[in-house]
Amino acid sequence: MRMSEYLKDRITLVLVGWGLFSALFYLMMLAFGNGEEWTADATYLPYDGSIVISFIVLLLVVKFYGTKAFEGKVWSLILIGLSLWMVAEVIWGLDVLLYNLNGSAVPAVLIDNTDYPFLAGYIFMALGFVYKAFNTPSESNLGKAFIVFVLAGTLLIVSAFLVLLPTMETSLFSESEKFFLIAYIVLDIVLFGLGLAIALYWGTEVSKGWHILAAGLLCMMIADVGYTALDLRGIYFDGSLIELAWVAAYLLIGLAANYQKKLHESFM
């Protein structure tokens with residue numbers, strides 16, 4: 001399947017269009033919002049919308065393959081992971097919505113425990129990646145393995161200096177907060193490495209979807225590192241442009257899934 005054909009697909013256009021809308025919305029809120037709280041709260045619309053749209057796309061992909069097929073099992077695990085992330089994101093979005101509507105809030109027990117579905121989401125995604133890797137024929141290639149280790153290692157070193165070491169040394173966060181902040185970044189690197197390895201080892205044409213997925217995971221790591229680095233310096237605020245990296249991550253996951261679906265449709 002040619003990339004030009006994929007870019008004309010309606011689902012692809014929706015995902016790309018939402019990304020452009022999100023970027024424009026964030027810029028408008030920063031430029032004309034005068035720092036008011038409602039402008040930061042408004043960015044939850046494109047933010048949560050990105051993961052909800054990608055969730056719907058993954059549902060369609062799993063339906064296309066069926067849960068008993070190999071690819072269906074892979075994308076079902078990825079879907080479960082994304083679903084858990086979506087639950088956590090939507091809880092925060094609902095909290096903001098309720099506050100703006102009537103001053104109420106989501107129960108504190110939900111807000112205080114959103115880190116757990118996030119971490120569980122990483123586990124299910126990793127299971128999908130590992131299942132894919134162990135059941136996909138590949139030949140040993142030291143050059144490709146070297147690329148994966150160099151990129152993942154570089155990201156780990158950069159993250160260590162920007163976030164990991166400062167997080168462990170700071171007194172701004174509790175021990176549990178430090179654990180989650182460090183866990184997110186370590187898991188980001190692990191998922192990115194797994195995704196990139198699959199992309200490189202799976203064949204030139206078929207792997208394009210996994211290249212897109214690896215790019216999404218790279219955006220996720222950039223978002224987590226950027227957020228923590230800004231927060232450590234006391235300059236992060238809701239509606240910051242760094243949040244667009246999370247938006248990009250969610251949309252790229254949807255784009256990757258849709259690419260794989262369209263690719264297999266072209267073989268039928």
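Everything that follows concerns the structure shown earlier in this document.
Residues numbered from 1 in each chain as written. Predicted model: local features only at pLDDT ≥ 70, side-chain atom pairs only at ≥ 80, totals over all residues. Heavy atoms only, no water.

Moving on, we come to the side chain of Glu-243. Structurally, the position occupied by Glu-243 is in helix H11 (residues 243-267). Buried within the structure, Glu-243 lacks any salt-bridge partner; Arg-233 is the closest side chain of opposite charge, at an N-O distance of 16 Å. Looking at Glu-243, its side chain comes within polar contact range of the side chain of Tyr-236, at 2.6 Å. Once you skip the residues sitting within four places of it in the chain, Glu-243 turns out to touch Tyr-26, Thr-43, Tyr-47, Tyr-236, Phe-237 and Asp-238. (Helix = DSSP H or I, 4+ residues; strand = E, 2+ residues; numbered from the N terminus. Buried < 20%, exposed > 50% of the residue type's maximum accessible area, 1.4 Å probe, protein only. Lys, Arg positive; Asp, Glu negative; His and termini not counted. Salt bridge = Lys/Arg side-chain N within 4 Å of Asp/Glu carboxyl O. Polar contact = N/O pair within 3.5 Å; in protein donor to acceptor, adjacent residues only side chain to side chain. Contact = heavy atoms within 4.5 Å.)

Glancing now at the nonpolar core. Of all hydrophobic cores here, the largest spans 66 residues; its most connected members are Trp-75, Ile-78, Leu-82, Trp-85 and Tyr-250. Contributions of two or more residues to this core are made by helix H2 (10-32), helix H4 (44-65), helix H5 (70-102), helix H7 (115-134), helix H8 (142-169), helix H9 (175-201), helix H10 (208-232) and H11. The element best represented in this core is H11, accounting for 13 residues. The contact partners of Tyr-250, leaving out residues within four places of it in the chain, are Tyr-47, Ser-50, Ile-51, Ser-54, Leu-82, Trp-85, Glu-89, Phe-118 and Met-220. (Core = buried A, V, L, I, M, F, W, Y, C linked by side-chain atoms within 4.5 Å.)

This part is about the environment of Phe-146. Structurally, the position occupied by Phe-146 is in helix H8. For Phe-146, a relative accessible area of 56% translates into the label exposed. Between the C-alpha atom of Phe-146 and that of Val-14, which follows or precedes it by 132 residues, the distance is 36 Å.

Next up on the list: the packing of H8 against H10. Contact geometry for H8 and H10: axes closest at 9 Å, N-to-C directions at 30 degrees. When the axis of H8 is compared with that of H10, the two are roughly parallel. Crossing of H8 over H10 shows left-handed handedness. Counting all contacts with H8, which are made through Leu-155, Ser-159, Leu-162, Val-163, Pro-166 and Thr-167, the residues of H10 involved are Leu-218, Met-221, Val-225, Thr-228, Ala-229 and Leu-232. The residue inventory of the contact of H8 with H10, partitioned by class, reads nine nonpolar, three polar and no charged. (Axes fitted to C-alpha atoms, helices over the stretch in contact; angles between N-to-C directions. Parallel < 35°, antiparallel > 145°, perpendicular 65-115°, else oblique. Left-handed = near helix turned anticlockwise from the far one by under 90°. Nonpolar A, V, L, I, M, F, W, Y, C, P; charged D, E, K, R; others polar.)

Its 25 residues give H10 an end-to-end C-alpha distance of 36 Å, which sits within 8% of 36 Å, the value for a rise of 1.5 Å per residue. Directly beyond the C-terminal end of H10, a positive phi value near 70 degrees is found at Gly-234. (Expected span 1.5 Å × (residues − 1).)

With that settled, the discussion passes to the pattern of salt bridges. Summed over all chains, the structure comprises three salt bridges. With a shortest N-O distance of 2.7 Å, Glu-71 and Lys-132 are connected by a salt bridge. Here the residue Glu-71 occupies a position in helix H5, and Lys-132 occupies one in helix H7, the gap between them amounting to 61 residues. In terms of burial, Glu-71 and Lys-132 fall into one category: buried. Of the charged contacts in the structure, one is a salt bridge between Lys-178 and Glu-175, with a shortest N-O distance of 3.7 Å. Placement of the pair is Lys-178 and Glu-175 together in helix H9, with a separation of three residues, close to one helical turn. Judged by its relative accessible area of 9%, Lys-178 is buried. Of the residues examined, Glu-175 reaches a relative accessible area of 61% and is grouped as exposed.

Now for a nonpolar patch on the surface. Residues Leu-27, Leu-30, Phe-237 and Leu-241 make up a contiguous nonpolar surface patch of roughly 350 Å² in combined accessible area. Inspection of the secondary structure puts Leu-30 in helix H2. (Patch = residues over 30% accessible without salt bridge, like charges linked within 9 Å, V, L, I, M, F, W, Y side chains within 5 Å. Areas by Shrake-Rupley, 256 points an atom, 1.4 Å probe, with all protein chains shown as cover.)

To continue, consider the packing of aromatic side chains. In this description, a pair of aromatic rings is defined by centroid distance and the angle of the planes. One pass over the full model with this rule turns up 18 aromatic pairs. On the basis of an interplanar angle of 65 degrees and a centroid distance of 5.0 Å, the ring pair of Trp-85 and Tyr-122 is categorised as edge-to-face. Taken together, the positions of Trp-85 in helix H5 and Tyr-122 in helix H7 put the pair 37 residues apart, joining distant regions of the chain. In terms of burial, Trp-85 and Tyr-122 fall into one category: buried. (Phe/Tyr/Trp six-rings, centres within 6.5 Å; stacked < 30°, edge-to-face > 60°.)

Across its 20 residues, H7 extends 29 Å between first and last C-alpha, which sits within 8% of the 28 Å expected from 1.5 Å per residue. Burial in H7 covers these residues: Pro-117, Phe-118, Leu-119, Gly-121, Tyr-122, Met-125, Gly-128, Phe-129 and Lys-132.

With that out of the way, let us pick up the packing of H7 against H10. The N-to-C vectors of H7 and H10 enclose an angle of 150 degrees; their axes lie 14 Å apart at closest approach. It follows from the interaxial angle that H7 and H10 lie roughly antiparallel. As for the relative orientation of H7 and H10, their crossing is left-handed in sense. For the pair formed by H7 and H10, the contact residues are Tyr-122, Phe-129 and Lys-132 on the first element and Trp-210, Leu-213, Leu-217, Met-220 and Asp-224 on the second. Here the contact of H7 with H10 is built from residues that sort into six nonpolar, no polar and two charged.

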